[in-house]
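Breakdown of the fold
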Amino acid sequence: MACFKRHNFISSLSPLYYTSKFLGLAPYDLYATVNNTNNKRSIKTVFSVIYTFLIACLVLALSIHQYYYFWINVFPRQTSNFILADTLSKLLLYGTPLNYLILSVVYKRRLSSLLLAIHKVDQKIVTKHKVYTIIYIILIIEVIASISVIVGLYQFIDFTWGLKPYFNFFYEGFVHLLALIGDMQYVSVLLYVKFIYKSLNNEMNYFVDRSSNSRSDVIRNSNNTIFSIVDRHNDIRINLPSSSKNKTNATNVRKQMKYDDIRRFMAIYKDLQEISELIHSYFNWQIVFETSSLFIGIVSTSYDTVNVFKGFLKRNSQQLLYFFRVMSLAAWVVYYGSNLFLICLSGNLCRNEAHNTFKTVHKLLLNRFLKPQVSRDLESFAVCYTSNKLHITACGIFPIDMTLFQMVIAAAFVYLCYSFATMR
């Protein structure tokens, strides 16, 4: 295991990487991928793929065993609607982590290319290395919190309802943890890409602020005495006679954007476009399964919560027990909703930061002191963005932003209203 290096982006990913490795969600060597030493299939990589395959077989076996138990002991006493709903929820519950595991092997090269592309852009744009330490600490907290939340929720269920048989605790807790770590991979990648977009926008805003502060050709001191004249087309500064203090202030003349600057920004932006395409190609189907599973979880758990709450209001005895049962189900609704909210929020933030790049380019184009060549390159940058806007979607079916969260919550609310309105 490589130790953390505070100036290395790849090293900052180690908490999430090794957790994913243990769960079979990272069948590749992270450091070999970034160092371009993973061209030949090493023995370590082969063992990682085999390990992921075994974890996938384990998830499949757990799902078959649990469904068989429900088919023999639970379903004979339930209605056909309950059987259909529970079957669908179990298919999505086990299908989502199984999908993460299978596609992590099938699309292994895509994920390696994604990490390598992020690493290359990171070396070009990020200058404050303390951000890697922050990422490292945040990922450690996220991993610990994820395990604690899953275990805590199932302990709460066991306390209020009783997990009979108890293997449900291990089965469902394990697959929920797999899905949650997969979600963390997606959210972490999107948020870091958003950070890179923000770093690019900050560098471009540096020139926007400087151009806006240098609109006058005559700079005056605090006594309105002219001490410097600037020729912005030839980058010449003429200092007029003045005191030594004014001459010192005259050295703070704002510089203009140059051809090399805009070419560098365009190259970084194109790299970010390629990164977004790699994110879509790797996470498309995983996010479709996960959002569907979260929607079913929100609807079914909310339905059960309302039913138990109605029973709580009618009972005169064991009200404390029913109160805790309502709280346990409500906690699961919050868990599903929080997962969906974080996925949608990360996509929304990344998209908005990418759109801010376009706004910054337009602000730069409004600067009438730009050199003609720089102005032409900025216009081509704007045209390139217009034809390649960043859209974060799941297989093009629905967007990954706050509109998806609103649609899911609204659909769940409408379904619940319809169910209780038609209930006898």
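Residues numbered from 1 in each chain as written. Predicted model: local features only at pLDDT ≥ 70, side-chain atom pairs only at ≥ 80, totals over all residues. Heavy atoms only, no water.

- Taking an unreviewed UniProt entry as the reference, the chain is identified by name as Gustatory receptor belonging to Diploptera punctata.
- Of the comments in the UniProt record for the chain, the one headed Sequence similarities (unreviewed entry) reads "Belongs to the insect chemoreceptor superfamily. Gustatory receptor (GR) family."
- You can read under Subcellular location (unreviewed entry) in the UniProt record for the chain the words "Cell membrane". (UniProt positions renumbered as here; feature names shortened; annotations may be inferred.)

**Regarding the packing of aromatic side chains**
- Enumeration over the complete set of coordinates arrives at 22 aromatic pairs.
- Centre to centre, the rings of Phe 167 and Tyr 171 are 4.9 Å apart; their planes meet at 40 degrees, and the pair counts as tilted. Residue Phe 167 and its partner Tyr 171 are located together in helix α8 (residues 167-212), separated by four residues, close to a single helical turn.
- What makes Tyr 171 buried here is its relative accessible area of 15%.
- Ring centres of Phe 341 and Phe 405 lie 5.4 Å apart, and the angle between their planes is 75 degrees; this geometry places the pair in the edge-to-face category. In this pair, Phe 341 is assigned in helix α11 (residues 319-365) and Phe 405 in helix α13 (residues 402-422), connecting sequence segments 64 residues apart.
- Taken together, the aromatic side chains of Tyr 67, Tyr 69, Phe 70, Trp 71, Phe 75, Phe 167 and Tyr 171 make up a single cluster linked through ring pairs.
- Geometry around Phe 70 places Lys 90 over its ring, the cationic atom sitting 3.8 Å from the centre.
- Lying over the aromatic face of Tyr 107, Arg 110 brings its terminal NZ or CZ to 4.0 Å of the ring centre. (Phe/Tyr/Trp six-rings, centres within 6.5 Å; stacked < 30°, edge-to-face > 60°. Helix = DSSP H or I, 4+ residues; strand = E, 2+ residues; numbered from the N terminus. Buried < 20%, exposed > 50% of the residue type's maximum accessible area, 1.4 Å probe, protein only. Lys NZ or Arg CZ within 6 Å of the ring centre and 35° of its normal.)

**A closer look at the confidence of the model for the chain**
- Averaged over all residues, the pLDDT of the chain equals 80, while 81% of them reach at least 70.
- For the chain, per-element mean pLDDT is lowest for strand β3 (residues 236-239), which scores 38, and highest for helix α2 (residues 14-22), which scores 91.
- Below a pLDDT of 50 lies the segment residues 212-254, which in the model reaches 62 contacts outside its immediate sequence neighbourhood of four places, other chains included. (pLDDT = per-residue confidence, 0-100. Contact = heavy atoms within 4.5 Å.)

**Side note on the pattern of salt bridges**
- Within the structure shown, the criterion is met by four salt bridges.
- Notably, a salt bridge pairs Lys 90 with Asp 86, separated by 2.9 Å at the nearest N-O pair. On the criterion of helical spacing, the pair formed by Lys 90 and Asp 86 is a turn pair, its members being four residues apart in helix α5 (residues 80-106). Each member of the pair Lys 90 and Asp 86 is classed as buried.
- Put simply, Asp 401 and Arg 351 hold a salt bridge, and the shortest N to O gap is 2.9 Å. Note that Asp 401 is positioned in the loop between β5 (398-399) and α13 and Arg 351 in helix α11, a separation of 50 residues in sequence. (Salt bridge = Lys/Arg side-chain N within 4 Å of Asp/Glu carboxyl O.)

**With respect to empty space enclosed by the protein**
- Within the structure shown, the criterion is met by two cavities of 30 Å³ or more.
- Reported here for the largest cavity is a volume of approximately 100 Å³.
- Together, 15 residues line the largest cavity, and His 176, Ala 179, Glu 290, Ser 293 and Leu 294 are the ones closest to its centre.
- Taken together, the elements giving at least two residues each to the lining of the largest cavity come down to α5, α8, α10 (259-314) and α11. (1 Å grid on protein atoms, 1.4 Å probe; cavity = no way out; pocket = protein on both sides within 12 Å on 5 of 7 lines; lining within 4 Å. Points joined across faces, edges and corners; volume = space filled by probe spheres on them.)

**Side note on the side chain of Ser 63**
- Relative to the assigned elements, Ser 63 resides in helix α4 (residues 43-73).
- A polar side-chain atom of Ser 63 sits 2.6 Å from the main-chain carbonyl oxygen of Leu 60. (Polar contact = N/O pair within 3.5 Å; in protein donor to acceptor, adjacent residues only side chain to side chain.)

**A short note on the UniProt feature "transmembrane region" (unreviewed entry) in the chain**
- The UniProt record marks residues 49-71, 91-110, 131-154, 174-197, 320-338 and 403-421 with the feature "transmembrane region" (unreviewed entry), using the residue numbering of this structure.
- Segment residues 91-110 splits into 95% helix and 0% strand. End C-alpha atoms: 27 Å apart.
- The span residues 131-154 shows a helical share of 100% and a strand share of 0%, and its end C-alpha atoms are spaced 35 Å apart.

**Digging into the layout of surface pockets**
- As a volume, the largest pocket reaches approximately 1,900 Å³.
- Forming the walls of the largest pocket are 41 residues, and the residues nearest its centre are Phe 82, Asp 86, Ser 89, Ser 300 and Asp 304.
- Top contributing element to the lining of the largest pocket by residue count: α10, with 11 residues.
- Its residues assigned to classes, the lining of the largest pocket comprises 22 nonpolar, 13 polar and six charged.
- A volume near 940 Å³ is recorded for the second largest pocket.
- Mapped by element, the contributors of at least two residues to the lining of the second largest pocket are α2, α6 (108-125), α7 (130-160), α8 and α11.
- Counted by class, the lining of the second largest pocket contains 31 nonpolar, six polar and two charged residues. (Nonpolar A, V, L, I, M, F, W, Y, C, P; charged D, E, K, R; others polar.)

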